Amino acid sequence: MTRTLPTRTTLLAATALLALSACKRENSNAGQMPPQAVDVITVHPSAVDIHTSLPGRTNAFEIAEVRPQVTGVIEKRMFVEGADIPLGQQLYQVDASRYKATYVSAQGQLEQAQARAVTASAKARRYRDLVRAHAVSSQDYDDAVAAEKEALGQVMTARGQVDSAQVDLGYTKMYAPIAGRIGRTLTTVGALVTANQTQNLAVITRLDPIYVDVNLPAITLLRLRRELADGRIKPQADGKVPVTVTMEDGSTFNQTGRMALAEVNVNTSTSTVIVRAIMPNPDKMLLPGMYVHAQLDEGTDPNALLVPQAAVSRNTHGDPQVWIVAADNTVSLRQISLGQAMGGSWVVLSGLASGDRVVTSGLQKIRPGMKVAPHDTPTEQTGAGTTPASPAADKNGQ
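To start, this report covers the structure provided alongside it. Every value quoted in this text rests on a predicted model; they were computed, and no experiment measured them. (Residues numbered from 1 in each chain as written. Predicted model: local features only at pLDDT ≥ 70, side-chain atom pairs only at ≥ 80, totals over all residues. Heavy atoms only, no water.)

1. What to know about the sheet that holds strand β8 (residues 192-193)
In space, the 4 strands of this open sheet follow the order β6-β5-β3-β8, with antiparallel pairing throughout. Across the chains shown, the open sheet's two edge strands, defined by having one partner strand only, are β6 (173-175) and β8. Relative to strand β5 (residues 90-94), strand β3 (residues 72-77) runs antiparallel, the two sharing 3 bridges. By the bridge assignment, R77 is partnered in β5 with Y92. (Pairing = 2+ DSSP bridges. Helix = DSSP H or I, 4+ residues; strand = E, 2+ residues; numbered from the N terminus.)

2. Focus: the side chain of T185
Along the polypeptide, T185 turns up in the loop between β7 (180-182) and β8. A polar side-chain atom of T185 sits 2.6 Å from a polar atom in the side chain of Y92. Residues in contact with T185, not counting those within four places in the same chain, are R77, F79, E81, Y92 and L201. (Polar contact = N/O pair within 3.5 Å; in protein donor to acceptor, adjacent residues only side chain to side chain. Contact = heavy atoms within 4.5 Å.)

3. With respect to unusual backbone geometry
Following D208, the chain continues to P209 via a peptide bond in cis, the omega torsion being 0°. Secondary-structure assignment places P209 in strand β9 (residues 202-217). Of note in the backbone geometry, H134 takes a positive phi value of approximately 60° without being a glycine. Of note in the backbone geometry, S271 takes a positive phi value of approximately 55° without being a glycine. Mapped onto the elements of the fold, S271 is located in the loop between β11 (257-262) and β12 (272-279).

Below, the structure is given as structure tokens:
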């Protein structure tokens, strides 16, 4: 039996068929790309402490400008500049010689008026008995009664002059109207001061406690009241709002104050409300006029949903949105509403539910309806509420 050997043409054709088959297999594999790998987190409710951090200025709790209330030459200065002085300490002594003389003269006039009053009263008593016996006329009696009343009026006038002279004499000793730290003296011994002058002699400032005034955006105040009314935020147990302060050098002040009041009027140019806190200041570290950051501890949101800020994008209208991974691992966009920024996360007010899977990385590589390969990452919600919130969150999230 004779075998037919393959010709060169046959071999070339077989080789071409094999190469074409390999190309088809490669093209088929190229059309089936593997799913895009993305990192996701599963959101769950957690209790979050709600903070608001705002810039502010410190203001003195009490401040008194010491001014003279009488005219005279200053004889003594009786305090140390920059010292802490108690209430009622004498600060200056004004020359009192003229006021002593006026006081003594007023006392003499009072004695004279009292003597005239004694005579007038005795005459009126005698005429009262005589008019009953018809020994004097009614007109004489009336004149005696009128003279008595006039003399008593002169006594009252003289007594008032004595009191006025005594007050002026007392004003020659200038006392501290409040307790606090006194600054430098602006008038030296030997200088002439006048009553009710506009220039003060010294300034006393009470530093403990001290006020911290911050400008709270009106939209933030509305959000807080709405969330408290809806029960989203549980207030502090004592109903007070604790306040902590970060100083301008970045250090944290070692005292905790409380919010005292919020103004009822909104500043029309800045749309803010002044919020005042009272801060203990035993070491006098805070001084009036300092720039600080005040953190208001508003309460606790027991069911807060947090998403990383990197997971949030915005549409053409600026609305926040996140990518959600469905049960079949397809992705879709969902619009959400944001609250405060807590550290590196946003508080989600609406749009998400417990158990939703949110894409946190690879957002630029996915499209709606695309299959993905999700990789779960742990959610770091513990301690998220201890980071101050940015006031800009209210503008972005409402």
